[in-house]
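A look at the structure
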Amino acid sequence: MMISKQARQRLELGLVYLILILVTVVMISPIYWTFVTAFKEPRDAFTFPPKYLPFIQFKPSLFAWKDVGLIKDPTQRGTHDPTAILNALQNSVIIALGSTLVSIVLGSLAAYGLARFEFRRWKNRDIAFFILSQRMLPPIVLVIPYFVLYNWLGLLDTRPGMIIAHTVANLPFVVWIMRGFFRGIPQELEESARVDGCSYFQAFCKITLPLSLPGLAATSAFTIVFSWNELLFATTLTFNRAKTFPTLIAGLTHSGAALWWDISAMLLLALVPVFVFTILLQRYIVTGLTLGALK
Amino acid sequence: MKSSVVQMRAASTIVTDRLSRVFSERLVKYYFVVPAIFYLLLIGIVPLVFSFGLSFLHWDVAAHRPLRFAGLANYAELIRDERFWRTFFNTILFVIGAVTLEVIFGFALALLLNRDIKGQGLFRVLLLLPMMATPVAVGYTWRMLYHITNGPINHLLGVLGLPKGTWLSSGKTALMSVIITDVWQWTPFVFIVLLAGLQSLPREPFEAAVVDGASRLQTFFYLTLPMVSPILIIVILLRMVEAIKVFDIIFVMTGGGPGISTESATMYAKLVSLTQFRLGYGAAIAYMLLILSMMVFMVLTRVLPTEAETT
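In this text the structure is predicted, and so the values were computed from the model without any measurement.

The rules behind each value
- Residues numbered from 1 in each chain as written.
- Chains lettered and ligands numbered in written order.
- Predicted model: local features only at pLDDT ≥ 70, side-chain atom pairs only at ≥ 80, totals over all residues.
- Heavy atoms only, no water.
- Helix = DSSP H or I, 4+ residues; strand = E, 2+ residues; numbered from the N terminus.
- Rg over C-alpha atoms; globule rule 2.2 N^0.38 Å.
- Buried < 20%, exposed > 50% of the residue type's maximum accessible area, 1.4 Å probe, protein only.
- Contact = heavy atoms within 4.5 Å.
- Phe/Tyr/Trp six-rings, centres within 6.5 Å; stacked < 30°, edge-to-face > 60°.
- Lys NZ or Arg CZ within 6 Å of the ring centre and 35° of its normal.
- Buried area = accessible area lost by both parts, 1.4 Å probe.
- Salt bridge = Lys/Arg side-chain N within 4 Å of Asp/Glu carboxyl O.
- Polar contact = N/O pair within 3.5 Å; in protein donor to acceptor, adjacent residues only side chain to side chain.
- Axes fitted to C-alpha atoms, helices over the stretch in contact; angles between N-to-C directions.
- Left-handed = near helix turned anticlockwise from the far one by under 90°.
- Nonpolar A, V, L, I, M, F, W, Y, C, P; charged D, E, K, R; others polar.
- Core = buried A, V, L, I, M, F, W, Y, C linked by side-chain atoms within 4.5 Å.

To continue, consider the overall build of chain A. Scanning chain A from N- to C-terminus turns up 14 helices and zero strands. Secondary structure elements of chain A occur, N-terminal to C-terminal, as α-α-α-α-α-α-α-α-α-α-α-α-α-α. Computed over its C-alpha atoms, the radius of gyration of chain A comes to 25 Å, more than 25% above the 19 Å expected for a compact globule of 295 residues. Expressed as a percentage of its 295 residues, the buried residues of chain A come to 55%. Partitioning the intrachain contacts of chain A with sequence separation of at least 6 by distance along the chain shows that 69% fall at a separation of at least 24.

Next up, the structure:
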């Protein structure tokens with residue numbers, strides 16, 4: 001029996017959609033699991049069989065959020081110290097923004113220089129390679145000397161110390177992506193600005209930079225998320241005052257039994273800002289990703 | 001008097017003006033690039049050299065022994081250190097396993113979606129989420145999922161009538177489980193970049209292939225694969241270089257265990273240098289990892305076609 005071409009195409013499309021839905025479910029379900037666990041009471045959280053569906057299999061509750069101390073409730077004493085959590089969140093935000101600011105300023109200048117001028121003694125390619133190679137290094141090679149040097153310089157467990165460390169990873173990334181963006185902006189605009197009496201630097205600030213705002217948005221999305229997520233530098237160079245949020249979470253189960261509902265609530269605190277950010281900036285993030293790899 | 005002062009001033013401004021123009025034209029490009037390079041030299045290269053120096057020292061802070069020059073002793077110890085080889089082997093296995101699966105799944109998905117499909121935007125956003133998720137959170141999440149008695153994965157396997165897995169609790173399956181988590185997190189990256197790559201290919205050759213009656217397999221092997229291969233290689237390179245650094249998800253999921261079955265080289269170097277405080281030996285381990293990642297980088301850049309250089 002022959003199937004018509006149209007029917008075959010329709011069948012194929014249906015199959016593609018089926019695979020697509022399956023893949024999406026698989027990709028999203030771990031996140032879903034953390035999400036529901038954060039709203040379970042201890043008796044619902046670690047049962048067998050596990051409870052998947054809120055309202056049907058279990059009653060959602062704010063128990064974990066009260067236990068963590070983020071929601072005040074006089075009838076329930078929390079097991080965690082909310083000030084430590086808030087302090088770590090604050091550190092993470094300041095370090096992420098600080099490192100992003102430094103790497104965007106230094107990085108976009110360098111990217112512009114590499115995209116617009118020709119360097120003779122060291123070729124543009126070699127300079128770009130040098131900058132990029134810093135990103136290729138396994139960070140452990142830097143973490144050990146940082147620990148020693150920071151100890152001497154009094155930078156251990158400080159926010160500036162973390163900003164300096166994260167910028168080493170973020171700066172090459174900014175140069176790499178922004179160079180692609182600057183190349184896509186026509187040079188004629190800057191040239192006419194310079195004819196009108198602007199200096200190179202003014203032309204860069206007044207013409208090129210505003211035009212590359214999407215690029216700056218994409219790159220800062222990545223640098224902020226990188227810094228927010230980073231653990232290796234954070235866990236070796238901070239331990240108390242400047243402790244970042246991932247470091248705080250990573251230390252949770254090393255002592256005693258895991259309170260999964262509390263941990264899940266804290267995981268959401270780490271994840272939700274990143275997700276909101278990703279959804280808002282999705283277009284730029286995709287452009288940034290593809291630009292990084294394709295150009 | 002007055003007029004000569006004015007004249008001199010005027011003359012000097014003309015001179016400085018000209019000078020500054022000459023200098024700025026020639027130097028301005030350096031002003032753009034030098035700050036970043038200076039930063040990276042100071043914060044990247046200086047510590048790197050310092051670390052290289054460390055690897056030739058005996059510096060055991062915890063043992064209160066005085067600092068001594070070690071020559072190649074640290075590297076000689078490496079060769080005899082079974083734990084070092086095991087962690088190195090774990091890292092290599094992790095890189096190969098994770099990157100291979102990520103590329104296969106990511107590429108397959110990209111090929112599948114390289115057509116007009118409704119809701120593609122939504123799908124892409126949802127796929128972005130694992131990739132951007134905090135690795136510490138990813139590690140904990142998968143620890144819950146993998147839990148052998150109460151975890152949803154084993155429950156669902158049971159519902160389907162399949163045997164339950166040991167996942168993170170057995171040395172035999174722990175590394176594989178960690179790899180699965182990494183595949184979950186990073187397949188979207190491969191997918192998104194390759195999809196963009198596929199969509200940027202010119203249409204004419206494919207239309208011609210259809211006219212010539214080429215089969216799908218022929219089109220794939222003779223057109224798609226060669227045309228997309230520069231991007232494919234960059235994606236593989238990026239993923240490998242990142243995977244070699246693996247630390248956070250393993251740190252949270254298993255802490256390197258059971259035993260040392262999932263310990264990565266980064267974790268071992270960190271343990272030696274920053275927990276046992278044998279800074280010299282730790283630096284030597286870290287340098288071996290650096291050499292490994294440079295080798296990967298060099299091998300793969302050799303394979304790269306010249307027009308698609310990463311720089």
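Attention now moves to the packing of aromatic side chains. The final tally for this structure, using the stated rule, is 35 aromatic pairs over all chains. Aromatic pair Trp-260 of chain A and Tyr-140 of chain B: ring centres 6.1 Å apart, planes at 75 degrees, arrangement edge-to-face. Here the residue Trp-260 of chain A occupies a position in helix 13 (residues 260-280), and Tyr-140 of chain B occupies one in helix 5 (residues 135-146), the pair thus bridging two chains. Clustering of aromatic rings is evident, with ring pairs tying together Tyr-112, Phe-117, Phe-182, Tyr-200, Phe-201 and Phe-204 of chain A together with Phe-32 of chain B. Cation over ring: Lys-40 of chain A sits above Phe-58 of chain A, and NZ or CZ is 5.2 Å from the ring centre.

Attention now moves to the interface of chain B and chain A. If you look at the interface, chain B gives 92 residues, while chain A gives 97 residues. Taking both partners together, chain B and chain A bury about 8700 Å²; carbon and sulfur atoms supply 80% of that area. If you look at where chain B meets chain A, you find two salt bridges. One salt bridge connects Arg-216 of chain B with Glu-12 of chain A, and the closest N-O pair in it is separated by 3.1 Å. Where chain B touches chain A, the interface holds 16 residue pairs in polar contact (both at pLDDT 80 or more). Residue contributions to the side of chain B that touches chain A peak at 20 residues, all from helix 1 (residues 2-54) of chain B.

Right, let's talk about the packing of helix 7 (residues 174-199) of chain B against helix 9 (residues 216-244) of chain B for a bit. Two quantities define a packed helix pair, namely the angle between the axes and the distance from one axis to the other. Residues and elements named next belong to chain B. The N-to-C vectors of helix 7 and helix 9 enclose an angle of 145 degrees; their axes lie 10 Å apart at closest approach. Classified by chirality, the crossing of helix 9 by helix 7 is right-handed. When helix 7 is examined against helix 9, the residues Asp-182, Trp-186, Phe-189, Val-190, Val-193, Leu-194, Gly-197 and Leu-198 are found in contact with a partner set consisting of Thr-224, Val-228, Ile-231, Leu-232, Val-235, Leu-238 and Arg-239. When grouped by side-chain class, the residues that make up the contact of helix 7 with helix 9 number 11 nonpolar, two polar and two charged.

The next thing to look at is the nonpolar core. Judged by nonpolar contacts, the single largest core of 188 residues is most densely connected at Ile-140, Tyr-146, Leu-237 and Phe-245 of chain A together with Phe-32, Tyr-140 and Phe-191 of chain B. Not counting residues within four places of it along the chain, the set of residues in contact with Leu-237 of chain A comprises Tyr-146, Phe-147, Tyr-150, Leu-156, Asp-157, Met-162 and Ala-165 of chain A.

Function cannot be read off these values alone, since they describe shape.
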